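Structural characterization, general
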Amino acid sequence: MLGFLQRPVVVTADINLNVVALTAVGLLSRLWQLAYPRAVVFDEVYYGQYISFYMKRIFFFDGSGPPFGHMLLALGGYLGGFDGNFLWNRIGAEYSTNVPVWSLRLLPALAGALSVPMAYQIVWELGFSHCAAVGAALLILIENALITQSRLMLLESALIFFNLLAVLSYLKFSNSQKHGPFSPSWWFWLVLTGVACACAVGIKYVGVFTYLLVLGVAAVHAWHLIGDQTLSNVRVLCHLLARAVALLVIPVLVYLLFFYVHLLLLCRSGPHDQIMSSAFQASLEGGLARITQGQPLEVAYGSQVTLKNAFGQPVPCWLHSHQSTYPVIYENGRGSSHQQQVTCYPFKDVNNWWIVKDPGRHQLVVNNPPRPVRHGDIVQLVHGMTTRLLNTHDVAAPLSPHSQEVSCYIDYNVSMPAQNLWRLDIVNRESDTDVWKTILSEVRFVHVNTSAILKLSGAPLPDWGFRQLEVVGEQLSRGYHGSTVWSVEEHRYGRSQEQKERELELHSPTQTDVSRNLSFMARFSELQWRLLTVRSDDSEHKYSSTPLDWVMLDTSIAYWLHPRTSAQIHLLGNIVIWASASLATLVYALLFIWYLFRRRRRVCDLPEDCWLRWALAGALCAGGWAVNYVPFFMMEKTLFLYHYLPALTFQILLLPVVLEHISDHLCRYGALAATPPWGYGSRGVLNGDSSVMQMGLGSQARLCRGSEDEANEGCRERKVADVHGRWGRPFGPGERQEQREGEGNMGRDPEQPVVRGRTAWCMAEINQEAL
Amino acid sequence: MPPAVGGGLAGSELRPRRGRCGSQAARAVGPDVATEATARSPKRPAPSSRRFEAPGRWALLALVTLMSFATRFHRLDQPPHICWDETHFGKMGSYYINRTFFFDVHPPLGKMLIGLAGHLSGYDGTFLFQKPGDEYEHHSYLGMRGFCAFLGALLIPFAYLTVLELSQSLPAALLTAALLTFDTGCLTLSQYILLDPILMFFIMAAMLSMVKYNSCANRPFSAPWWLWLSLTGVNLAGALGVKFVGLFIILQVGWNTVSDLWHLFGDLSLSMVTVGKHLTARILCLIVLPLALYTATYAVHFMVLNKSGPGDGFFSSAFQARLSGNNLHNASIPEHLAYGSVITVKSARMAVGYLHSHRHLYPEGIGARQQQVTTYLHKDYNNLWIIKKHNTNSDPLDPSLPVEFVRHGDVIRLEHKETSRNLHSHYHEAPLTRKHYQVTGYGINGTGDSNDFWRIEVVNRKFGNRIKVLRSRIRLIHLVTGCVLGSSGKVLPKWGWEQLEVTCTPYLKETLNSIWNVEDHINPKLPNISLDVLQPSFPEIMLEAHMVMIRGNNGLKPKDNEFTSKPWHWPINYQGLRFSGINDTDFRVYLLGNPVVWWLNLLSIALYLLSGSIFAVALQRGARLPAEVEGLSQVLLQGGGQLLLGWMMHYFPFFLMGRILYFHHYFPAMLFSSMLTGLLWDILLRLCAWSLASFSLAGHVHTLGILSLLLGIAYSFYLFHPLAYGMVGPLAQDPRSPMAGLRWLESWDF
């Protein structure tokens, strides 16, 4: 009781000054003169417009990636009080005073600065020395391509930050797995891994490759966990469930959250509305919503509607007809029916109005109460301005000769009867008695006589068709395709029976009053689908490059040029770092293969834990480089040097790791040649104990032999200390546990014991036993 | 005791049963597996029946083969008209018989075999194979169909033997054979002149020989071991030689070989020399041998096709010089380019073609409305251009004027011969590559403006030299904008007749896109010199043929607004392909898998994944399984694993392909899937019988299960056989049709 009176409250803080110092220099390098230049630099012109859209809360559509990165940039604008009023049209344009340049660039710069201490932490958590860790951090610090990229309103630095965070938190998690599974810090790092992965994916799709890498490593670790027979089944199950939740469920939820916030923020209609479906557009303020607000929901006989094609390729358009007829003979000599043209027209027009008619009645007005049209009903479609009926027949379409011509029927009395009955097929119906709904229903019109389906072929008609798009009847078309699906966009109940009145009515704007909204999941899935399927023009750019150019830095990008003083910003890597990092990757790969082959022949050059560390470092760093680099070879979009930066970051991390390994394990001894490279052909040959002993003295590379009683280990656990005093004292099991703490000294100092944990030592003495 | 010996013992135990080689299932996973008990092989039928077994097995194999031949050859001559892709492959077979050169996106072996079969069966190559539905009349087509059906029929005994080898279980093998025999899809695909039966034959043969040589692993370097190993190599070459899809089976065999070598390498009882021998044997049989055979098929291909034909334009000028009948063959043309010459200009990039223009304008909204300039692969009079001086319009062919040669660095004008318009470029964006400038035909009768001037440069040449036809690699630089004439290789939409786009590139990068050479050269004022041009070496021809094929494959892109088959449609048998006939009066053949078989396959993959992971986790947890279950689980994980790998290898890559896909691409994967089904159900039923062992009827569970599956499959074939053997009468949506009740999915339209 009142213990704090007797004893003072003591807070023991454990501050790694290395980390603090690295953070400080990182911040300094990234934040110094951040607001210079006060002009639009390179892709700021691209991302800036989206920041403005966020500030004005206008819906936009950017097919280059998910919205989290854009939102981060916009957050900077929000904090700086940006009102979004700037015309992002040209690289090099001066920013007006209302643009808070510093705070807009702050978040990417912070992400870039924090990558520096994180590099330190990662190498440290991988089990390498402080020296290597500081080296990695310094390399990241002085890599000028990374500095350039983080000081501007660009996404790469944030992507790199979250990539590193995902790897770091996974390492922290797997290191805490040994002492305290299910402890708070274990949970924290596990969940943080999932969140960081989701953030990386949310910034750019390429983040998914790092996510898959982390998942892969986690899966391998989990598989070992399943094999660990000291754990009970229930415990293994708990472990697996925790990982599944944190690494699979949480990322999905976080990713959905980004879109939720994105759609919550962007609630006004804007220039990209056209890409989305009518239903989506109607959920935005202004734009289509203003027109469609308050339309009657259910389409009834007598309804006046405009029909929009759902495919939106090559342009979104509406079913259209006009007075002109098909030419009697086409240019190529084929004939037509000479009836009224039916096309798809990409602009709003009074000729887009159609009236839904009951074939059994003559009237074109809606009864009171309205009789809704249901799935499977037979309807006729009357063109509002010309009162002709939508018709198709066995005449080849003007541009698609394998399909049927669609026309508005004119009776020329030439034994070509009207075939104007269409069966309504609601594609996204829930039951077979669904009512045809405005905007929400996606419908197909199946021709009753020929079972052709009304389809947009997308081909632009020649001059006689005013370059509008061709509409055809496709017979027996299989499967679902957007070009056969139509939805009602504008809709009102027709009131005038007389043609003159009706024309007036058609010209007047729609009005009435009901409101409806799409659910978040519907909007999300539509937006995500469009984002993934939008086809970008793969355009060549002055500074575009190919992945092969990146490794050797054969390319650069001029980001900005001062119009008068010719001061420049140029994205260019540090060639020394790039070349040595590539070399390190190569050395790593060769060494890894060498060790792997020798281990297969039971020659263990490395102690078991040392090998595991070496393999894990390779899996994360070399693997991180590979997964962030190789997929670009298969991408068809325009590529730039900055796409390589995430891969480069991982590659840089590998450089000190390889250097430390070489200095610890290879430079110490030249006696490697004393062992035959692949072990011995058979046990009988094994007699070179003296040479092997020699090697044992000079090196850590040891020969080990698998024998029956140590089948699992492969190598025998052994203390080297007995062999040579230089390796320090032998130590007991308890001490070995503690050695983990002193990991950083691993191999740095020859006086320190290098052996830790369950070290499986391969020993020359085994040979003598064998003899 | 070295662990591998255990595997050897287990294998030797089996030797009396299998004749020469031990079962693969019995082979231990490798020396890593410490528990020797795992190597126990699955339980066999009672030993008393052994005496009848060998003849019984042969009889069963004969029965299976007979059934398969009977189903494949039944009504082979129906319909007596061209079905679906027979129009292509039959035509290509005819090309071999006629020895005319053609171009196709697939490697030549399959079509060569078709041609050979046609030739041997008395087909003279005179049928035109114009379009599906054309009657064969008096032409002999049965030889070619029979050959394909023969190979298609062999698939079933191959599958039977493969499963028998992997599982050592007759019921599993029988079930597999039944699945494939009674699958209407496999049946239909085997009955026509197509590449697919040939491809599937080689794939299955490679798989079978790989499995066989795996089972000989305990007797390395013995005669059967060498036989199966080299047969694997031969079949790999065959598979790749028919279609590039054969690459997948190569990957599978490669994977199997690598893991095999890895086990051998880890086996310390083998010296490095022995391991080296193993490695060399595999390199010889699986890399060198197939490569040699594959190259040999191309050698034969080029040797047989020595006449000029429809495929010439796809290849470079040097290549064409080989073909007799081509105007470059033993060509005799003026050597140096002169003003007034009529020339064709060919892109140095492979499969781009000739600079071309025609009397059609760029449509509105796409640059200036001037005449289109494209590249075109076929030889055509619209490829002809006249080379003129930029500043005079006098006719250089006027005999009074002296001949003036074009020199490196000259400023010239290219006039299109047919339309008399000049090659022109200006600051308008190109139709597809927006960052480039548009290239058009401009001017009337050769009078244009300064945008028609181009500087002609020879790559790697100093000033003043003449320009050699065919040999000089030239660039055309637009004088006003400074851009370079190039082809982007992109296909123009319909308005451009799907020819390739020509642009003027402002980026002066050194690429083949912007390099051209002069091919035809007509100038009456110059003496013709016989040019023994550029006979390309065989490796160059090979390389070029491959580049052209790859580009051709990439060019097969689905168009907008077109219904295309998606890979996810395939395993669920979502929709078929119409081979012949549309209307109710036609003889209709519809390629569609037997839904019972296909859905059973789909179910089996799910079941396999489930049971496989249960076993894998149990083993990883160190669970002690009873010996019998242990044996079954080994078969399931190893044999089944190989089949599952085969299915995945032949299916998943299609998701990444950008080219247009068809339903029949799934059939190689379907073979693997069916083998997996056979193997899986046998094991599941055995496990069932084992777990019910306390009941008296337990022994019959397995037999009854297999029998009911066999009968069910046979009955479903009875229902669906009209799809393959042809049907006449009302379509299935009509209730009067005999197939009316069988349209289980709305997307099937037969």
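Thresholds, definitions, all that
- Residues numbered from 1 in each chain as written.
- Chains lettered and ligands numbered in written order.
- Predicted model: local features only at pLDDT ≥ 70, side-chain atom pairs only at ≥ 80, totals over all residues.
- Heavy atoms only, no water.
- Helix = DSSP H or I, 4+ residues; strand = E, 2+ residues; numbered from the N terminus.
- Contact = heavy atoms within 4.5 Å.
- Areas by Shrake-Rupley, 256 points an atom, 1.4 Å probe, with all protein chains shown as cover.
- Expected span 1.5 Å × (residues − 1).
- Buried < 20%, exposed > 50% of the residue type's maximum accessible area, 1.4 Å probe, protein only.
- UniProt positions renumbered as here; feature names shortened; annotations may be inferred.
- Core = buried A, V, L, I, M, F, W, Y, C linked by side-chain atoms within 4.5 Å.
- Phe/Tyr/Trp six-rings, centres within 6.5 Å; stacked < 30°, edge-to-face > 60°.
- Lys NZ or Arg CZ within 6 Å of the ring centre and 35° of its normal.
- Bend = angle between axes of the 7 residues up to and from the residue.
- Patch = residues over 30% accessible without salt bridge, like charges linked within 9 Å, V, L, I, M, F, W, Y side chains within 5 Å.
- Salt bridge = Lys/Arg side-chain N within 4 Å of Asp/Glu carboxyl O.
- Axes fitted to C-alpha atoms, helices over the stretch in contact; angles between N-to-C directions.
- Parallel < 35°, antiparallel > 145°, perpendicular 65-115°, else oblique.
- pLDDT = per-residue confidence, 0-100.
- Disulfide = S-S within 2.5 Å.
- 1 Å grid on protein atoms, 1.4 Å probe; cavity = no way out; pocket = protein on both sides within 12 Å on 5 of 7 lines; lining within 4 Å.
- Points joined across faces, edges and corners; volume = space filled by probe spheres on them.
- Nonpolar A, V, L, I, M, F, W, Y, C, P; charged D, E, K, R; others polar.

1. Details of the overall build of chain A
- Secondary structure assignment for chain A yields 22 helices and 14 strands.
- Nonlocal contacts in chain A, meaning residues at least 24 apart in sequence, comprise 74% of its contacts between residues at least 6 apart.
- When the accessible surface of chain A is totalled, it reaches about 33,400 Å², and 60% of it is carbon and sulfur.

2. Description of helix H5 (residues 142-167) of chain B
Residue and element names in this part refer to chain B.
- Between its terminal C-alpha atoms H5 stretches 38 Å, which fits the 38 Å expected from 26 residues at 1.5 Å a residue.
- Here H5 lies mainly inside the structure; 21 of its 26 residues are buried.
- Just downstream of H5 lies Gln 168, where phi reads positive at about 55 degrees.

3. What about unusual backbone geometry?
- With an omega of -5 degrees, the peptide bond running from A:Tyr36 to A:Pro37 counts as cis.
- Residue B:Gln78 is joined to B:Pro79 through a cis peptide bond whose omega torsion reads -15 degrees.
- On the secondary structure map, B:Pro79 appears in the loop between helix H2 (50-73) and helix H3 (86-98).
- The phi dihedral of A:His338 is positive, around 65 degrees, even though this residue is not glycine.
- In this fold, A:His338 is placed in the loop between strand S2 (318-325) and strand S3 (340-345).

4. Observations regarding the UniProt feature "domain: MIR" (unreviewed entry) in chain A
Residue and element names in this part refer to chain A.
- Listed under "domain: MIR" (unreviewed entry) in the UniProt record, and renumbered for this structure, are residues 296-359, 370-427 and 431-491.
- As annotated, residues 296-359 comprises 0% helix and 41% strand, and the C-alpha atoms at either end are separated by 22 Å.
- Between the end C-alpha atoms of residues 370-427 there is a gap of 23 Å, over a span that is 0% helix and 40% strand.

5. Thoughts on the nonpolar core
- With 138 residues, the main nonpolar core has A:Leu527, A:Tyr559, A:Trp578, A:Trp614 and A:Tyr644 as its most contacted residues.
- A per-element tally of this core places helix H8 (residues 156-179) of chain A first, with 13 residues.
- Not counting chain neighbours up to four residues away, the residues in contact with A:Tyr644 comprise A:Trp550, A:Val551, A:Trp578, A:Trp625, A:Tyr629 and A:Gln651.
- One finds B:Val163, B:Ala205, B:Ile605 and B:Phe654 within the second-largest nonpolar core, a separate group that totals 134 residues.

6. What about the packing of aromatic side chains?
- Under the criterion given, the structure shown has 94 aromatic pairs over all chains.
- On the numbers, 5.2 Å between centres and 50 degrees between planes, the contact of A:Phe86 with A:Tyr95 is tilted.
- Classification of A:Tyr95 as buried rests on a relative accessible area of 6%.
- Through successive ring pairs, a cluster of aromatic residues spans B:Phe248, B:Trp570, B:Trp598, B:Trp647, B:Tyr651, B:Phe652, B:Phe654, B:Phe655, B:Phe663, B:Tyr666 and B:Phe667.
- Of note, A:Arg492 hangs over the ring of A:Trp353, and the distance from its end group to the ring centre comes to 4.1 Å.

7. Topic: the side chain of A:Lys204
- As for its placement among the helices and strands, A:Lys204 is situated in the loop between helix H9 (184-203) and helix H10 (207-227).
- By relative accessible area, A:Lys204 is classed as buried at 12%.

8. Examining helix H11 (residues 233-265) of chain A
- Given a rise of 1.5 Å per residue, 33 residues ought to cover 48 Å, and the 46 Å separating the end C-alpha atoms of H11(A) matches this to within 8%.
- At A:Ile250, H11(A) shows its strongest bend, of approximately 30 degrees, with the proline A:Pro251 following within four residues.

9. Quick notes on the UniProt feature "transmembrane region" (unreviewed entry) in chain B
All names here are of chain B.
- The residues that UniProt annotates with the feature "transmembrane region" (unreviewed entry) are residues 170-192, 198-214, 226-255, 279-300, 596-619, 631-654, 666-685 and 697-720.
- Along residues 226-255, the helical share is 87% and the strand share 0%, with 19 Å between the first and last C-alpha atoms.
- Secondary structure across residues 596-619 divides into 100% helix and 0% strand, with the first and last C-alpha atoms of the span separated by 34 Å.

10. Regarding a nonpolar patch on the surface
Residues and elements named next belong to chain B.
- Residues Trp 568, Ile 572, Val 596, Trp 599, Leu 602, Met 648, Phe 652, Phe 655, Leu 656 and Trp 744 make up a contiguous nonpolar surface patch of about 920 Å² in total accessible area.
- Taken together, the elements giving at least two residues each to the nonpolar patch come down to helix H14 (595-620) and helix H16 (653-656).
- Residue contributions to the nonpolar patch peak at three residues, all from H14.
- The residue Trp 599 is located in helix H14 in this model.
- You can call Trp 599 partly exposed: its relative accessible area is 32%.

11. Overview of the packing of helix H2 (residues 17-31) of chain A against helix H6 (residues 130-142) of chain A
Residue and element names in this part refer to chain A.
- Interaxial distance between H2 and H6 falls to 10 Å at its minimum, and their mutual angle equals 10 degrees. By the angle between their directions, the pair H2 and H6 is classed as roughly parallel. Here Asn 18, Leu 22, Val 25, Gly 26, Ser 29 and Arg 30 of H2 lie close against H6, whose contacting residues are His 130, Val 134, Ala 137, Leu 138, Ile 140 and Leu 141.

12. Section: the environment of B:Ala724
Residues and elements named next belong to chain B.
- One can find Ala 724 in helix H18 (residues 698-725).
- For Ala 724, a relative accessible area of 1% puts it in the buried group.
- Sequence separation of Ala 724 and Glu 429 is 295 residues, and the distance between their C-alpha atoms is 52 Å.
- What Ala 724 contacts, discounting residues up to four positions off in sequence, is Thr 184, Leu 187, Thr 188, Gln 191, Tyr 192 and Val 589.

13. Points about the confidence of the model for chain B
- With 89% of its residues at a pLDDT of at least 70, chain B reaches an overall mean of 83.
- Our summary of model confidence lists the complex with pTM equal to 0.76 and ipTM equal to 0.76.

14. Comments concerning the state of the cysteines
- Under the criterion given, the structure shown has two disulfides over all chains.
- Each sulfur in the disulfide pair A:Cys317 and A:Cys344 lies 2.1 Å from the other. On the sign convention where negative is left-handed, the bridge of A:Cys317 and A:Cys344, at about 95 degrees about the S-S bond, is right-handed. Residue A:Cys317 is found in the loop between strand S1 (303-309) and S2, and its partner A:Cys344 is found in strand S3; the two are separated by 27 residues along the sequence. An identical accessibility class is assigned to A:Cys317 and A:Cys344; each is buried.
- Paired through a disulfide, B:Cys483 and B:Cys504 show a sulfur-sulfur distance of 1.9 Å. Every disulfide takes its handedness from the sign of the S-S torsion; for B:Cys483 and B:Cys504 that torsion is 95 degrees, giving right-handed. With a gap of 21 residues between them, B:Cys483 in the loop between strand S10 (474-478) and strand S11 (484-491) and B:Cys504 in strand S12 (residues 500-505) connect regions that are remote in the sequence.
- A:Cys344 provides the cysteine sulfur closest to A:Cys408, a residue in no disulfide bond, and the two sulfurs are 13 Å apart.
- According to the relative accessible area criterion, A:Cys408 is buried, its value standing at 0%.

15. Focus: the environment of B:Tyr96
Residues and elements named next belong to chain B.
- Mapped onto the secondary structure, Tyr 96 falls in helix H3.
- By relative accessible area, which is 6% here, Tyr 96 ends up buried.
- Along the sequence, Tyr 96 and Lys 111 sit 15 residues apart, while their C-alpha atoms lie 8.0 Å from each other.
- Sequence-distant contacts of Tyr 96, that is, excluding residues within four places in its chain, are made with Phe 102, Pro 108, Lys 111, Met 112, His 301, Val 304 and Leu 305.

16. Some words on empty space enclosed by the protein
Residues and elements named next belong to chain B.
- Within this structure, the stated rule accounts for 16 cavities of 30 Å³ or more.
- The space that makes up the largest cavity amounts to roughly 120 Å³.
- Around the largest cavity, the lining comprises 14 residues; the ones closest to its centre are Phe 102, Asp 104, His 301, Phe 315 and Met 549.
- Secondary structure elements with two or more residues in the lining of the largest cavity: helix H11 (272-304) and helix H13 (538-555).
- With three residues, H11 is the largest single contributor of residues to the lining of the largest cavity.
- Considered class by class, the residues forming the lining of the largest cavity number ten nonpolar, two polar and two charged.

17. Observations regarding the environment of A:His541
- Mapping A:His541 onto the fold places it in the loop between helix H15 (520-533) and helix H16 (547-551).
- We classify A:His541 as partly exposed; its relative accessible area is 22%.
- C-alpha separation for the pair A:His541 and A:Phe640, spaced 99 residues apart in sequence, amounts to 8.9 Å.
- Not counting the four nearest positions on each side in its chain, A:His541 is found in contact with A:Phe42, A:Thr638, A:Phe640, B:Lys435, B:Tyr507 and B:Lys509.

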